[in-house]
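Now for the letters of each chain:
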Amino acid sequence: MENADQINKSEVIKPPVTQVGVIGWIRTNLFKGWFNSLLTIIMIYFLWMIVPPLIRWAFIDSLWVSTGAECQQSDGACWSIIPANIRFIIFGFYPYDQQWRPLVAMALLIGLLFYSRNRDHWKKPLAYAWFLGLFLMGLLMKGGLFGLIPVETTQWGGLPLTLLLSVFGLTAAYPLGIVLALGRRSKMPAVKTLSVMYIELIRGVPLISLLFMSSVVFPLFLPQGVTINNIIRAQVAIILFTAAYIAEVVRGGLQAIPRGQYEAADSIGLSYYLTMRLVILPQALKIVIPPSVQQLISAFKDTSLVVIIALFDVLRTTQTVLSDPKWMGFSAEAYIFVALIYFLCCFFMSNYSRRLERELETGL
Amino acid sequence: MGTKTSEKADNSLANDAIIEIIEMHKWFGDFHVLQGIDLTVRKQERIVICGPSGSGKSTLIRCINRLEEHQRGRIIVDGIELTDNIKNIEKVRTEVGMVFQHFNLFPHLTIVENLALGPIWVRKVPKAEAEETAMFYLEKVHIAEQARKYPGQLSGGQQQRVAIARSLCMNPKIMLFDEPTSALDPEMIKEVLDVMIELAQEGMTMIVVSHEMGFARSVAHQVLFMDFGKIVEGNTPQEFFENPQHERTKLFLSQILH
Amino acid sequence: MMKETAAAAPSPASGKVAFWYDPRKRSILYQLGVLAMVGLLGYYLVSNTIANLERQAIATGFGFLEKEAAFEIGESLISYSAADKYARALLVGVLNTLLVSFIGIILTVILGTFIGIARLSTNWLVSRLAAVYIEVFQDIPVLLQLFFLYAFFYEMLPSPRQALSPFTGVFLTNRGLVFAVPEFHPAHIYMGVAFLAGCVSVFFLRRWARKRQAKTGMAFPVFRVSVGILVLLPLLAWMAGGSPTTMSVPVLKVFNFQGGFNVSPEFTALLLGLVLYTAAFVAEVVRAGIQSVSKGQREAAMSIGLKQGQVLNLIILPQSLRVIIPPLTSQMLNLTKNSSLAVAIGYPDFVSVAGTAINQTGQAIEGVAMIMLVYLFFSLSTSAFMNWYNKKMALVER
């Protein structure tokens, strides 16, 4: 048994070389034990088999600006299909010389989204900015005022259409979702039953059935002579669909609010409406922001389904390009491009939602 | 806190070492968490380790049952040296019991099942016998009536006592305690310390990381003070509390004994 | 000084409360109002619909189910021809949906679990690759993945004349995947029976082993012996049946392969797309489940002396399964719902067949209603299962 009386002041012993630095990292993370070492070797083998040919196809042998005919001759990736058709892929059938308008609308949307990322900006003016922004976007797309040539909604397509369907869809679905969530938690049996029925029905069926419904059944619901165009029908279906999922997300937030909050509001004498508006919802909505961003990501991905009811979102414009005999056979390149667009958008949104979750968890 | 059992003239202390730590170093990456630890623990000896957080005291005892690996030096427990040899590690772990700050009872098993798990699966004991042993130790820690309940239904103090009983069911030669009362509400600390004192009185070898100085005074043979990865000072409780040698020890004692 | 607030709010003790201030009566009034609104809306929609249907001379009711379908279906589990009734066509669709969902679920669980565990591996390379997989496949719409795979089959794979053959007897062409299968022989029936017998005996073996361990403490290598039984018994049956080895090998005949077992490009693309997409989500569910078990549990188990395998089986797995199963069943349901996208790549699932029926008969309402009912059935049964499971497995707490 020892008494360590003398404390070594000067000696700084370094850990063994095999434990730290690059070698140490490699040893612990790649080769710890025979099983891990085997895995590492197998993985490296696979990568070796796949990556070089892929790089050769995608970058070395590839053509970036050429004609379709030249592409057919070459073995490499035909990325030229993108620059040659990009305006159609992104904007669809929107009149060629007016395409600056959807471009500006998208820039406006992205600008607003970026600005909203910073939580310090979450104040009332931001909400107004969003309302104004959405209005301006609609105006830019539709035209008819301020000397802008009107462009029918049947000509809207491509990326602006995808963005419109998802952003507008989520924005409009949110109030409906909140109402449904409150309805589900209501003590009034009629209201509760209606809400539950709606939510379970919509969540239980695939989006495609709702899109079908919007496409063939909605026209039957309208009196004779009244028609609504394809895009609005799809938008309504997306709104109804998303609202049910938002309702469940918001319900989760409402459940997380301690009963004490409801009781405190009651004891001040606030009515149901005021309690919800001033006390409960502000807290609940803050809690559910991360899952709401997840919902936006889902809505964004789900808009791709409008392909099936022949709306020209960015997926369908791509397919149209592929059916052009000049560019046939390059599905891989075209789809990879669209996939990249989706991936980048969803990845950033995902990252943001994760970061937000961490921030909200640590410092409420 | 009961009779002092830590007289230096206590002749019941066996003289052979059961734990030997020789020039042990441990790094977490570049951080030198344990610097040249030399420690010998004899059979039936009871040691209390204290020190500021980050001093490495938990890491030290976790190295003894290989929950943490050391990079340099030697650790020998009951004649078995701790290396990468998994068989030896498992043997050591059956001889060394550990009680955690957050109890770590298995929530999906009843109390009895928690205790019988080790004997059944490690010592290959028939179920009836394992449950008998379990009930025996549950009585020992005064909690036999909760046998069929689940951990979620027990208070913190009760859970910790069950955790102690669970370790005892493996008949360990050494018991390690990692801040056993730090996560308990004040009114439950005593029930756990009482069990630990009874254990001490029966002659168990114990290493306890704790700030419960009353416990140290009444039961420990040695109190060690650790700081920045080194054992700064160690002495009998009386000497330790009345004549601390180093400045850092004095500073620490003044902070926790108010 | 406490004054009575607004005179119109008398205290309950008085008993005589104005009708519209009694909360109970108010709630009834409110509900009646809501019901009335919904009723009115419903009435409006229904009357319009009836008028429109009449005007467009569209039939109503489910009588069309008895009519001849008059369209072909590309692949079917049961026999079907264009002369069969609509009802049968829809049945074919349901069976196709169930087929792709069932196989898809099994493959997804296997792949997803594997990737989820890989994500937690201490091997940096393995864990990073798993993370990349999860991120990429989660962020690309499943429909896009289906299109890509479908195009892969039709554009990138060669015609049967120049079929790709990764292994002998397996051929990948733009007509699908075709591989050799054993030629049917009565011995196969014996093997099936033997396998079932094996399952039953494994069940009893486990019970016996558990009893023996409880009594004597000796553990029995149940897992290894079970695997042995499940492999050996069918093997013995095969030998007893004469060890038939004839295979139906696909042979190229003029334009396409004959023989062997053919899986269409549509089915393969759909299955592959669904599995790869859903597995990414399942991987996250599995990862979250395993991580939900606190580190202390593992440490406590190790410090009692349990071996790695025992720690996993006795402590980690039971606790993580509780957390994994509910979201896992959600993902299974998502896969089933996503299988409806088959209509976009030409696989005749239920939505696809119903869509054709709608087109031909014009009876959109009945068609869409049927689609929704079928999927609603799937999701409600899954919800019921999940609720039952959650109740059964809830950890007992104060």
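Data block above holds the structure.
Quick question: what am I supposed to make of the overall build of chain B here?
The number of helices and strands found in chain B is nine helices and 10 strands. In terms of C-alpha radius of gyration, chain B reaches 18 Å, essentially the compact-globule figure of 18 Å for 258 residues. For chain B, the spread of C-alpha atoms along the principal axes amounts to about 55 × 45 × 40 Å. Buried positions account for 59% of the 258 residues belonging to chain B. Long-range contacts, defined as pairs at least 24 residues apart, comprise 66% of the intrachain contacts of chain B with a sequence gap of at least 6.

What am I meant to see in the interface of chain C and chain B here?
Frequently, the measure chosen for interface size is the accessible area removed from exposure when the parts meet. The interface is formed by 30 residues belonging to chain C together with 31 residues belonging to chain B. Carbon and sulfur atoms supply 61% of the area that chain C and chain B bury against each other, a total of about 2600 Å² over both sides. Across the chain C-chain B interface, the total number found is two salt bridges. Here R62 of chain B ties to E299 of chain C by a salt bridge, and the two come within 2.7 Å at their closest N and O atoms. On the surface where chain C and chain B come into contact, there are six residue pairs in polar contact (both at pLDDT 80 or more). Among the secondary structure elements, those contributing two or more residues to the side of chain C that touches chain B are α5 (186–216), α8 (295–304) and α9 (308–338) of chain C. In terms of residues, the side of chain C that touches chain B owes the most to one element, α8 of chain C, which gives nine residues.

How do you make sense of the nonpolar core when you look at a structure like this?
Among soluble globular proteins, nonpolar side chains are generally buried collectively. Residues L254 of chain A together with L143 of chain C are the most contacted members of the largest nonpolar core, which totals 143 residues. For this core, the element with the highest residue contribution is helix α10 (residues 230–256) of chain A, accounting for 14 residues. In this structure L143 of chain C touches S304, L305, V307, I308 and L315 of chain A together with L341 and A344 of chain C, once residues within four positions along its chain are discounted. One finds V141, A165, M175 and F241 of chain B within the second-largest nonpolar core, a separate group that totals 47 residues.

Looking at this structure, I do not really get the sheet that holds strand β8 (residues 205–209) of chain B. What am I missing?
Sheets are built from strands that pair by backbone hydrogen bonding, the pairs being arranged parallel or antiparallel. Residues and elements named next belong to chain B. If you walk across this open sheet you meet the six strands as β6-β7-β8-β3-β9-β10, and the pairing is mixed. With one partner strand each, in any of the chains shown, β6 (96–99) and β10 (230–235) form the two edges of the open sheet. Sheet twist, expressed as the average angle between the axes of neighbouring strands with direction ignored, equals 20°. Pairing of strand β7 (residues 174–178) with β8 involves five bridges; the strand directions are parallel. Residue pairing across strands places I174 opposite T205, the latter belonging to β8. Contacting β3 (46–50), β9 (222–227) and β10, helix α9 (residues 247–256) crosses the sheet at an angle of about 100° to β9.

Got a minute to help me understand the interface of chain C and chain A in this structure?
Taken residue by residue, the interface counts 52 residues in chain C and 56 residues in chain A. Taking both sides of the interface into account, the surface hidden between chain C and chain A amounts to around 4600 Å²; carbon and sulfur atoms contribute 74%. Three residues stand out in chain C for area buried against chain A, namely D139, L144 and M372 of chain C, and they jointly supply 13% of the buried area on that side. Inspection of the chain C/chain A interface yields one salt bridge.

Looking at this structure, how should I read the pattern of salt bridges?
Between side chains of opposite charge, a pair can form as their charged atoms come close. Tallied over the full model, the rule gives 24 salt bridges over all chains. Each of R184, E200, E248 and R251 of chain A takes part in salt bridges that share partners, so that together they form one network.

The rules behind these values
Residues numbered from 1 in each chain as written. Chains lettered and ligands numbered in written order. Predicted model: local features only at pLDDT ≥ 70, side-chain atom pairs only at ≥ 80, totals over all residues. Heavy atoms only, no water. Helix = DSSP H or I, 4+ residues; strand = E, 2+ residues; numbered from the N terminus. Rg over C-alpha atoms; globule rule 2.2 N^0.38 Å. Buried < 20%, exposed > 50% of the residue type's maximum accessible area, 1.4 Å probe, protein only. Contact = heavy atoms within 4.5 Å. Buried area = accessible area lost by both parts, 1.4 Å probe. Salt bridge = Lys/Arg side-chain N within 4 Å of Asp/Glu carboxyl O. Polar contact = N/O pair within 3.5 Å; in protein donor to acceptor, adjacent residues only side chain to side chain. Core = buried A, V, L, I, M, F, W, Y, C linked by side-chain atoms within 4.5 Å. Pairing = 2+ DSSP bridges. Axes fitted to C-alpha atoms, helices over the stretch in contact; angles between N-to-C directions.

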